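Secondary and tertiary structure notes
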Amino acid sequence: MNRSRRWTAMFAALLLPVVASCGDSGSPFRAPVPGTLVVSLEVDGTPAGAALVVVHGKQIGVPAAYSDAGAIFARPMDADGGRWQVAVVGTEVSGKLFSFDVPDVNRPEAYSAELIQVADRADNLLPDMAGYRVSIQPKR
Amino acid sequence: MDRRSLHRLERAALAYFSRSGSVVLLAGVLATTAAAQASHTDRGYSATFATSGQSMWGPGSAPLSDFNRTLRLVDLSWAVGDTTGDIRGFDTYLFGTVSFGGEIGAYSTGDFGLFTTFANVGTGSVAVNYPVNVTVGIPDPNTFRDGQTITIPTKVQLLGGAAIATTPPQGSINVRGSAALTAGAYTKVCIFGCLEFPLFPSINLGATNVQLVDLGYNADGSAYAELFGSPRVTLPHTISFIESQLTNMSGVIGVPSVHPVSAVQPDLRSLVAAGKDTFVNVSLDMDGFVTGKIPLGFETPDFHGAHLKYETVDISTVVKMHQDQNFTFDPTVWVTLSFPRAIEYAVADTNGAPVDAGNAASITFRAGNIFSLVYPAGLRDPMTITPSFFIRNTFSSDVTNRFREDIVLTVGQFDLSIPSVEIFPEFTVDVCWGITHDADPLGIIPDESCPVTSPSVRTPTIDISVGPLIHQSLVGAGQEMRMFPFAADDCTPGSLGCGHWELQGFNHVAGAEIVLDPENPIIDVATAVASGLASRTGPAGTLTQTLTVSNRGDVPLSAAQIADALARAVPTGGAFHVRSINSVVLTENNAFNGVSDLGTLTRADVLAVGGSGVVTVGIDVTPGNVFSSLLDADGTTPIGTNVRASAAARFAVFAFDIKPTLNAGSNGVLPVVFLSTPGMDAAGIDPASLRLEGVAPLRWSLEPRGTLNDLTLKFDRQSVVAGLQQRLAAGPVAVASMPRPDSPSPAQFASALMGGDALTASQVKAADRNGNGTLDIGDLRALVRNASASVAPADISLALSGPGSGGGGLALGPSAPSASVILVITGTMRDGTPLMGENAITIKGMGQ
């Protein structure tokens, strides 16, 4: 082995463990991109009248109403913005409900949304939320 | 009384009132349902009825008039005689026959009596203390309605401390005796010869009306006794030894002093008092009446065996005198209810049997009975009753003197004993010895003895006993002297019978006032109809009807409803359609359409006392008609009374036309015209009432068009523009701006829903709008929907172009070059019906 090849082998030996250790937190070579994620309500049938959603993640910004989806009420569930409860009330509630800012919009998989309650448009709480799902996507 | 009995009584009362034609049914706004049972709250009234100083013999101070009665306690008489003896002859041979022995003869007649007299008996004194608790069942407020028969049950409980107390009556008691006695006795004693002589001189004595004991009262009220006329002694008195020696009496003497002991009868209502006093208990040697006047008895000392003893008469008596007092007090507690006006009433006993009925302002009935009244129909204000309590009674008195005597009578007891006397002593003769010895000094004849003895001679022993001629022992002889009631003439006129009367002097007791408070349900409904655009509560082409229902009564009204029947006057004219219904306080019926579903509410609401609610109905209308609304509001009280109210409104919508443009910068007039349509003649409009964007017309005229008339008007352009600016700048009005008093804001509710500060119980109740018992996202939606304005800002003006559209408060901004705006004119018809007309106009040069 000549001199240059020895240096190449040594560099690879030092770098590979570092790369391997960063596997689930993104590429160490790509800078985080702050942005906005949108929570949507997917409806199989009749639009809802209101929905109560909990979003989980890290450094979640204050949720904001998405366009004319309806009025929203939000309340943080912990001090570091890791969980928020959001109530959305409108004439018809479906599609994009609300948005919130995150430090890195390229990692939507780090955030999740959970549907807690759904009311119909006659203000009745639905005992069965089958047919209603929430999802998170980056705002485009 | 249990509830079943109460129902039975109420039915009986209703039956009575029905028969008497007294039931007044409410008509009109108050529709009665089956009479509900008013609940009651017991109120206790403590009352102590007392009296004192009442006579034992009749009402008030009635005396025991002319009471002077004598009773013979002892009445003994006898007439007896007897002779007995033993006299024997004895031949002395020397002195002939002599007599030895004795004989006694005796006779006696007698009559002993003992009498007692009671006189001058006072009234005594009776006092009664009778504490009770009268429980009155007062119908609870608002649990009955006017015209309804309500019951007031009562009951009485006797409290501790009830007693009859008496003070013994004073009087005089006199005990006298009488005695008559004849007696004679002789004896014959024979010793060799006979000697006859009287044992004592013949007796023939009589002593009548001998004062033995006199009992009475001194002026100072102390009791005294005089024994055989001796100085008075204070009673009770125990006879001393010396007095006993002087009077032949012993024991204790007093005057009747009965202190009855009270007890409550098993009926737990009436009282009895009973007592007994033994005021005389003496032993009396009645023959002592004649002590010193005759030798009633004699006995010789024993002299060599000779003994003479006699007793002419001996009467020993033990006399006891008792007084028994028995009183009964049988009261009835009465209730008087005083009303401010005459009312129909009925009274039933505890078994439901009618007792009394009538129409009066003051009714008295027995406590324990059930009082029913018809609360005056039409009177929904409380009525104050003043109760009072008093007592009626039957009192009875029974006083009896009882006497018992134990008598031992012995008459004529004689004993004579004469011992035997030796007349000839015993001697012995020995003839043989005398011949063979005494007469043969030489001893020739052999001595021989043949003694013969002669016994001594003695008089016989004489023991003679006579009597007792009478010996009688009477134990337990008794008599009664009934003091009261004694005879029919003791019954005081007006009293309740012999020995019964009503004890006087009892007090009346006033009780705290009772308030009967019927329900007074009042529901009120009002409505107003306005142009949605002019009132900034809706878009163009709409009417906004406001329905206000309020509870002005004193009970909550449940299942509240406002039926709103919408109609149009001209069948071929403009149409209507309910576009929205909204209420903050009440639960609106989203299916309401004013035609097939008239209910604006779901009947889920309860109108609290003093509470009100507003329902706002948005109605799409098209011109050319008079739209009417007929409201029928109702609610139900807690006892089932359904109360109603009605209201009506009309609103005319005319076809209206404005000349094509309105230059914001130009002066001059703006001509407009109300166009008549079939059934809608503009001639019926009051032109002076019209306002275009708040501006009054400058002038107007009617222009005939066929059979109809068009109304043309001229307005000042700049004034109209200014009015429009002002309306648009003011923005929309939230038509449901009246918050529910306890309802949280949506933000407050949302915070609580998501784990923030909890709501109060009243807020939870108010916020549970979907009524599922929990707070959820559906309730939040209802709160948000009702709290927000139902009119979007864009509704204020159609087709408003240029920057600024979609904002919050709308204004014709300086940068707006032009806008198509709908103007609205409002006013009234000549008959007062409000009206409106709308038409779009393009405003140019807004930014200039």
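Given the structure is predicted, the values throughout are model-derived calculations rather than measurements.

Next up on the list: the overall build of chain A. For chain A, the count of helices and strands is one helix and eight strands. Scanning chain A from its N terminus toward the C terminus, one meets helices and strands in the order α-β-β-β-β-β-β-β-β. Burial analysis of chain A (140 residues in total) assigns 29% to the buried set. A fraction of 72% describes how many contacts in chain A between residues 6 or more apart in sequence connect residues 24 or more apart.

For the rest of this paragraph, the subject is the overall build of chain B. Within chain B one finds seven helices and 43 strands. Here chain B, with 848 residues, has 38% of them falling under the buried criterion. Taking the contacts inside chain B whose residues are at least 6 apart along the sequence as the reference set, 74% of them involve residues at least 24 apart.

Reading across from one edge, β3-β6-β1-β8 (chain A) is the order of the four strands in this open sheet, with antiparallel pairing throughout. In this open sheet, the two strands that pair with only one neighbour each are β3 (64-65) and β8 (132-138) of chain A.

Let us look at the sheet that holds strand β38 (residues 669-675) of chain B. All names here are of chain B. An order of β36-β38-β41-β40 is seen for the four strands of this open sheet, with the pairing classed as antiparallel. Unpaired on one side and paired on the other, β36 (655-658) and β40 (699-705) mark the two borders of the sheet. Neighbouring strand axes in the sheet, compared pairwise and without regard to direction, differ in orientation by 25° on average. The pairing of β38 with strand β41 (residues 708-716) spans six bridges and is antiparallel.

Turning next to the environment of A274 of chain B. Residues and elements named next belong to chain B. Within the element layout of this structure, A274 appears in strand β14 (residues 271-285). Through-space distance from the C-alpha of A274 to that of D398 is 9.4 Å; in sequence the pair is 124 residues apart. When residues no more than four places from it in sequence are discounted, the contact partners of A274 are P260, V261, Q325 and N326.

Facing 18 residues of chain B, the contacting portion of chain A comprises 17 residues. Mapped onto the side of chain B that touches chain A, the elements with two or more residues apiece are α5 (746-753) and α7 (777-787) of chain B. Partitioning the side of chain B that touches chain A into residue classes produces eight nonpolar, six polar and four charged.

Here chain A shows a mean pLDDT of 79. Residues at 70 or above account for 76%. In the model of chain A, helix α1 (residues 3-21) of chain A stands out as the element of lowest mean pLDDT, 46, in contrast to strand β7 (residues 112-119) of chain A, which has the highest, 95.

Before going further, it helps to examine the nonpolar core. All names here are of chain B. By size, the foremost hydrophobic cluster in this structure holds 101 residues, and its most contacted members are V134 and F371. Per-element tally for this core: the top contributor is strand β16 (residues 307-348), with 16 residues. Aside from chain neighbours lying at most four places away, what touches V134 is Y45, A47, T154, V156, V333, V335, A367 and F389.

What follows covers the pairing of strand β18 (residues 370-374) of chain B. Residues and elements named next belong to chain B. Within β18, five of the five residues are buried, which leaves it mostly tucked inside the rest of the structure. The alternating pattern of β18 places I370, S372 and V374 on one face and F371 and L373 on the opposite face, and all of these are buried. Inspection of the sheet shows strand β6 (residues 149-158) paired to β18 by five bridges, in the antiparallel sense. Bridge assignment links P153 to a residue of β18, and that residue is I370.

A few words now on the confidence of the model for chain B. Atomic detail in the predicted coordinates should be set aside for any region of low pLDDT. All names here are of chain B. In this model, chain B carries a mean pLDDT of 82, and residues with pLDDT of at least 70 account for 85%. Within the model, pLDDT remains below 50 along residues 12-35, and this stretch shows 40 contacts once partners closer than five positions in the same chain are excluded. In this model, residues 735-739 is a region of pLDDT below 50 whose contacts with residues beyond four sequence positions or in other chains number 16 contacts. Interface predicted TM-score (ipTM) for the complex: 0.82; the corresponding pTM is 0.64.

With that out of the way, let us pick up unusual backbone geometry. If a residue is not glycine, its phi is most likely negative; likewise, a peptide bond is most likely trans. Residues and elements named next belong to chain B. Here the amide bond leading from L235 into P236 is cis, since omega sits at -5°, within 30 degrees of zero. When you line up the elements, P236 lands in the loop between β10 (233-234) and β11 (237-238). Backbone torsion omega between F484 and P485 reads -15°, so that peptide bond is classified as cis. By the element assignment, P485 lies in the loop between β25 (470-484) and β26 (500-501). The phi dihedral of N120 falls on the positive side, at around 55°, and the residue is not glycine. Structurally, N120 can be placed in the loop between β4 (97-119) and β5 (125-139). For A559, which is not a glycine, the phi torsion comes out positive at approximately 50°.

Bringing the environment of A87 of chain A into the picture now. Mapped onto the secondary structure, A87 of chain A falls in strand β5 (residues 83-93). Between the alpha carbons of A87 of chain A and A51 of chain A there is a distance of 5.8 Å; along the sequence they are 36 residues apart. For A87 of chain A, the residues in contact, after removing those within four places along its chain, are A50, L52, I72 and F73 of chain A together with A750, L753, M754, I777 and L780 of chain B.

Glancing now at helix α4 (residues 717-730) of chain B. Residues and elements named next belong to chain B. Taking 1.5 Å per residue, 14 residues should reach 20 Å; α4 reaches 20 Å between its end C-alpha atoms and fits that length. Every buried residue of α4 is accounted for by V720, V721, L724, R727 and L728. One side of α4 carries all its buried residues, which in axial view fall inside an arc of 125°. Facing away from the buried side of α4 by more than 90 degrees, the exposed set consists of Q726 and A729.

In this section: the environment of L373 of chain B. Relative to the elements of secondary structure, L373 of chain B occurs in strand β18. Residues L373 of chain B and I343 of chain B, 30 residues apart in the sequence, show an inter-C-alpha distance of 6.9 Å.

Calculation criteria
Per chain, residues are indexed from 1 in the order of the written sequence. Each chain takes a letter, starting from A, and each ligand takes a number, starting from 1, following the order in which they are written. The model is predicted, so local features are restricted to residues of pLDDT at least 70 and side-chain atom pairs to those at 80 or more, both for listing and for counting; the totals for chains, interfaces and linings are taken over all residues. Helix and strand assignments come from DSSP, with helices taken as H or I runs of at least 4 residues and strands as E runs of at least 2, each series counted from the N terminus. Here the C-beta atoms are placed from the backbone, and a residue counts as buried if at least 20 other C-beta atoms lie within 10 Å of its own, exposed if 12 or fewer do, and partly exposed otherwise. We call two residues in contact if the C-beta atoms placed from their backbones are at most 7 Å apart. By definition, two strands form a pair when at least two bridges between them are found by DSSP. For helices, the fitted line uses only the C-alpha atoms of the stretch in contact; every axis is such a line through C-alpha atoms, and the angle between N-to-C directions lies from 0 to 180 degrees. Think of it as three bins: nonpolar holds Ala, Val, Leu, Ile, Met, Phe, Trp, Tyr, Cys and Pro, charged holds Asp, Glu, Lys and Arg, and polar takes everything else, Gly as well. Every residue is assigned a pLDDT by the predictor, reflecting its confidence on a scale from 0 to 100. Each nonpolar core comprises buried Ala, Val, Leu, Ile, Met, Phe, Trp, Tyr and Cys residues, the members being joined through C-beta atoms within 7 Å. Between the first and last residue of a helix there are one fewer steps than residues, each counted as 1.5 Å, and that sum is the expected span. The directions from the helix axis to the C-beta atoms are what the arc is built from.

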